[in-house]
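A closer look at the structure
Each chain is listed here by its residues.
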Amino acid sequence: MPDTIYQKPRPAGRKGEVVVTSTCGHNCGGRCVVNAHVVDDKVVRISTDPARWQPELPPLHACARGVGQIERLYHKDRLKYPMRRTGPRGSGQYERISWDEALDHVAREMRRIRDQYGNAAFLDASRSGNTSALHGFGVSKRFFNKFGGCTLLWSNMSAEAEIFAVRMTFGAKADYKSAGREPTDYVNSKLILMWGWSPADGTFGTGTFQYLKEAKKKGVRIVCVDPRRTRTSQALADEHIFIKPSTDAAALLAMAYVIVSEGLHDQAYCDRHVLGFDEAHLPDGARPGASWKSYLLGESDGVPKTPEWAEARCGIPAETIRRLAIEFATTKPAALQCGYAPGRTAFGEQFHRAAYALAAITGNVGIVGGNSGVSNGATGRAGIDSLPAGSNPIDARVSTPLLADLLAKGKAGGYPADIKMIYSAGGDLFNQAPNANKMARSLDGVELIVAQDHFLTPTARHADIVLPATTFWERNDVHTPWAGAGHYAIYMKQAIQPMYECRNDMAIFADLAARLGINDYDDRTEEQWLRELTKGAVDDFDSFRENGVARFAPPKDAVAFAAQIRDPENHKFTTPSGKIEIYSMAMAAKPDPYGLGAMPPIPTWFEPVEPDAKYPLMLCSPKSRARTHSIHGNQPLLSRVDPDDVWMNPIDARARGIADGQMVRIFNERGATLLPVKVTPRIAQGVVSIKEGAWFTPDTNGTDTKGCANALAEDRSAPCGATTYNTNLVEVAAVELLMKAIASGHR
């Protein structure tokens, strides 16, 4: 395959029609081709890559969200002009103002707040509504860093547990986005163990599901461990194993116990490549009994991590754990593919660390057909840069899931500042961060909120100033695969002129920066920026722009860490020891790096939550195929693809007198939401699920009416900084039964 291939993945236009290639500029997990068919500066339809599937050069087929972009582009609720709030926050009452009025007001207030409170009083709440190379969320970071800094929500809401665990286990320079394997390697496995990972629900790279199908056709056995029987599991799994949310580490530890106690681990591999598996391979200074083997066998704490021990915690029968452990250890090569969801828990770093340790002791890291336990492959970003953001001049950092608590308590709660201004460009954190009610209640001390977006989202509804931004169809940009989806880039060619009074995000910040005396925010044209950002990978920019897709050569190894395993003397892991660290020397030296709780140097079990008789059901919040987080949450046509509901096991439903299709109230001490119930055996007993991203829409009593999972989620951080969306307890009641109870004086 040549180094770079330029493709034109679009059909010819009809008479009078221009066809323009782009890709969704959102954080969806894929990176697909969406072609705009344009007539007289209007997109009349959307098509996708017309090529047929071939593993060597897979087509970049769009999903329903890509095709649904036309509904979003011409939605009646598009923001059309700058607005100023006239009613209470959250009321949606605004008046039209000019761009000069809006930006002059924002600049004046920013100067006042900086002078009065300092830069830590600013909070950049921008997020991943735009994720492309130029007009991505680097635009706000660049602005605030040049302005003197702000309080930073530092942790990744999706994958911080994995990011942390990858660095601690495989090294400081290990990139979580390329620490797994290429999808092309799936066919080389004998066994794939999918753990909390469903590419058919939450896209995990364009083409990933097709590559799994290829593996299935070649006879690869696939086992799925998940609280839900997902679409991927239904389509591909030879066996599905239900598990309670937040208990995944217990099951992995018990599998490791079986493997070690029966002598099925790869001792020679561990001796050569692993630190801390057994007492003979601990670093200097580690206490006796500190090895993972000692912990598994109960020699260090008196509690052997047996399958029976795990069954009481995770709900998987002990015999199933034992059988799965033996199968994983004796099937060569075997690949453990872990999703992010089990890491979005109270001690999510322990899940990922245990998974990587299990892959290591069975000798599956860095070999063809094996895997490290990470599901990301390579991103294809090599050589393509993002808008340079610079660094934050001040040290004011808060773990992202603590946003509601930061707003509620500020300095009094030990945070860097009392937040006085919030700027949200392409972010919807009032919907996507946990504890939505607490956030909405905690804004009285915030003196200015600015939202820069396409719609009056749940976040924008609280803004004092609303600024209308362009969509990706109205500007030029470049985008790359999100995770493990091959090696390519897509030129996002502008299809139509900016609509209404909308401006590009970068132009808005440049105009605001100039008002604040920052004259070097944007010193190039859009094309100059894109040429600069792509020059490390694209050798013919004009061909790239004209054709739409640049395909790059894949790396020599399809599996991460192959060089370290093949030649450990010359290719060391970037851990302190140069090996895979089950015993993390960095964690031993600094067990509480973020002030969020100490973490032991080996993968360890912690009880995630105390049982609560009032709220006996565990809540998990999987992805919706009709949304990218909260994006598309206001599109009625697209919502038909994956309607919102709450899944409940038939046993749990019968115990509450709930029938399939009934409207139910899901509630806990933090809030409540309403949804129709789907009674199904596809979810574990004692567990309910609500798809994340529905728009928080509270009634006058504060009850959410649209199924927002974050009305129920606790604003709690894992010790590593990860979100804990999947460690929450709730109860469910049929609305009509609840109304009868209230009418009779009972609650």
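Here, the structure is the one placed above.
As the structure is a computational prediction, the values presented were derived from the model and not from experiment.

Here the focus is the overall build of the protein. Each helix and strand in the protein was counted, giving 24 helices and 28 strands. Relative to the 2.2 N^0.38 estimate, which gives 27 Å for 747 residues, the radius of gyration of the protein is 26 Å and therefore close to what a compact globule would have. The proportion of buried residues among the 747 residues of the protein is 62%. By sequence separation, contacts in the protein at least 24 residues apart represent 74% of the contacts at least 6 residues apart. A total of about 27100 Å² of accessible surface is found on the protein, and carbon and sulfur atoms cover 50% of it. On the protein, the mean spot of the 87 positive side-chain charges and the mean spot of the 84 negative ones are 3 Å from each other.

Attention shifts here to the environment of Ala 174. In this fold, Ala 174 is placed in the loop between helix H5 (160–170) and strand E9 (191–195). Each residue touching Ala 174, except ones within four places of it in the same chain, is listed here: Val 166, Arg 167, Phe 561 and Thr 574.

In terms of burial, strand E13 (residues 334–338) is a largely internal element, 5 of the 5 residues being buried. Burial of the side chains of E13 extends over both faces: Ala 334, Leu 336 and Cys 338 are buried on one face and Ala 335 and Gln 337 on the other. Where E9 and E13 come together, 5 bridges link them in parallel fashion. Bridge pairing in E13 places Leu 193 opposite Leu 336. The pairing of E13 with strand E14 (residues 373–374) spans 2 bridges and is parallel. Paired with Cys 338 across the bridge in E14 is Val 374.

In this section: the sheet that holds strand E10 (residues 221–225). With parallel pairing, 5 strands are arranged side by side in an open sheet as E11-E10-E9-E13-E14. Looking along the sheet, the strands with just one partner apiece sit at the ends: strand E11 (239–241) and E14. Strand direction decides the pairing type here: E9 and E10, joined by 5 bridges, are parallel. When the sheet's bridge partners are listed, Trp 195 is paired in E10 with Val 225.

Relative to the helices and strands, Lys 438 resides in helix H16 (residues 436–441). Residue classification places Lys 438 among the buried residues on the basis of a relative accessible area of 15%. Contacts of Lys 438, omitting those with residues within four sequence positions, involve Ala 404, Asp 405, Ala 408 and Asp 715.

The N-to-C vectors of helix H8 (residues 248–261) and helix H13 (residues 348–361) enclose an angle of 20 degrees; their axes lie 8 Å apart at closest approach. One way to sum up the angle between H8 and H13 is to call them roughly parallel. Relative to H13, the crossing made by H8 is left-handed. Residues Asp 248, Ala 249, Leu 252, Met 255, Ala 256, Ile 259 and Val 260 of H8 form the contact with H13, whose own contacting residues are Gln 350, Phe 351, Ala 354, Ala 355, Leu 358 and Ile 361. Class assignment for the residues of the contact of H8 with H13 results in 11 nonpolar, 1 polar and 1 charged.

Before going further, it helps to examine empty space enclosed by the protein. Under the counting rule described, the total for this entry stands at 5 cavities of 30 Å³ or more. Estimated volume of the largest cavity: approximately 590 Å³. If you trace the largest cavity, you find 39 residues lining it, with Gly 196, Ala 341, Arg 344, Pro 622 and Lys 623 closest to the centre. What lines the second largest cavity is Ser 246, Asp 248, Ala 249, Pro 342, Thr 345, Phe 347, Gln 350, Phe 351, Thr 604, Trp 605 and Phe 606. Elements represented by at least two residues in the lining of the second largest cavity include exactly H8 and H13. Residue composition of the lining of the second largest cavity, by class: 6 nonpolar, 4 polar and 1 charged.

With that settled, the discussion passes to the sheet that holds strand E23 (residues 617–620). In spatial order, the strands read E23-E27-E24-E26-E25-E28; together these 6 strands close into a barrel with mixed pairing. Pairwise comparison of adjacent strand axes, ignoring direction, gives a mean angle of 45 degrees for this sheet. Alignment of strand E24 (residues 646–648) against strand E27 (residues 687–690), held across 3 bridges, turns out to be antiparallel. Paired with Val 646 across the bridge in E27 is Ile 690.

Over its 14 residues, H8 runs 20 Å from end to end, which matches the ideal 20 Å to within 8%, given 1.5 Å per residue. Counting buried residues in H8 gives 13 out of 14 residues, a clear majority hidden from the surface. Trailing H8 by a residue or two, Gly 263 shows a phi angle of about 70 degrees, which is positive.

Rules behind the numbers
- Residues numbered from 1 in each chain as written.
- Predicted model: local features only at pLDDT ≥ 70, side-chain atom pairs only at ≥ 80, totals over all residues.
- Heavy atoms only, no water.
- Helix = DSSP H or I, 4+ residues; strand = E, 2+ residues; numbered from the N terminus.
- Rg over C-alpha atoms; globule rule 2.2 N^0.38 Å.
- Buried < 20%, exposed > 50% of the residue type's maximum accessible area, 1.4 Å probe, protein only.
- Contact = heavy atoms within 4.5 Å.
- Areas by Shrake-Rupley, 256 points an atom, 1.4 Å probe, with all protein chains shown as cover.
- Lys, Arg positive; Asp, Glu negative; His and termini not counted.
- Charge placed at Lys NZ, Arg CZ, Asp CG, Glu CD.
- Pairing = 2+ DSSP bridges.
- Axes fitted to C-alpha atoms, helices over the stretch in contact; angles between N-to-C directions.
- Parallel < 35°, antiparallel > 145°, perpendicular 65-115°, else oblique.
- Left-handed = near helix turned anticlockwise from the far one by under 90°.
- Nonpolar A, V, L, I, M, F, W, Y, C, P; charged D, E, K, R; others polar.
- 1 Å grid on protein atoms, 1.4 Å probe; cavity = no way out; pocket = protein on both sides within 12 Å on 5 of 7 lines; lining within 4 Å.
- Points joined across faces, edges and corners; volume = space filled by probe spheres on them.
- Expected span 1.5 Å × (residues − 1).

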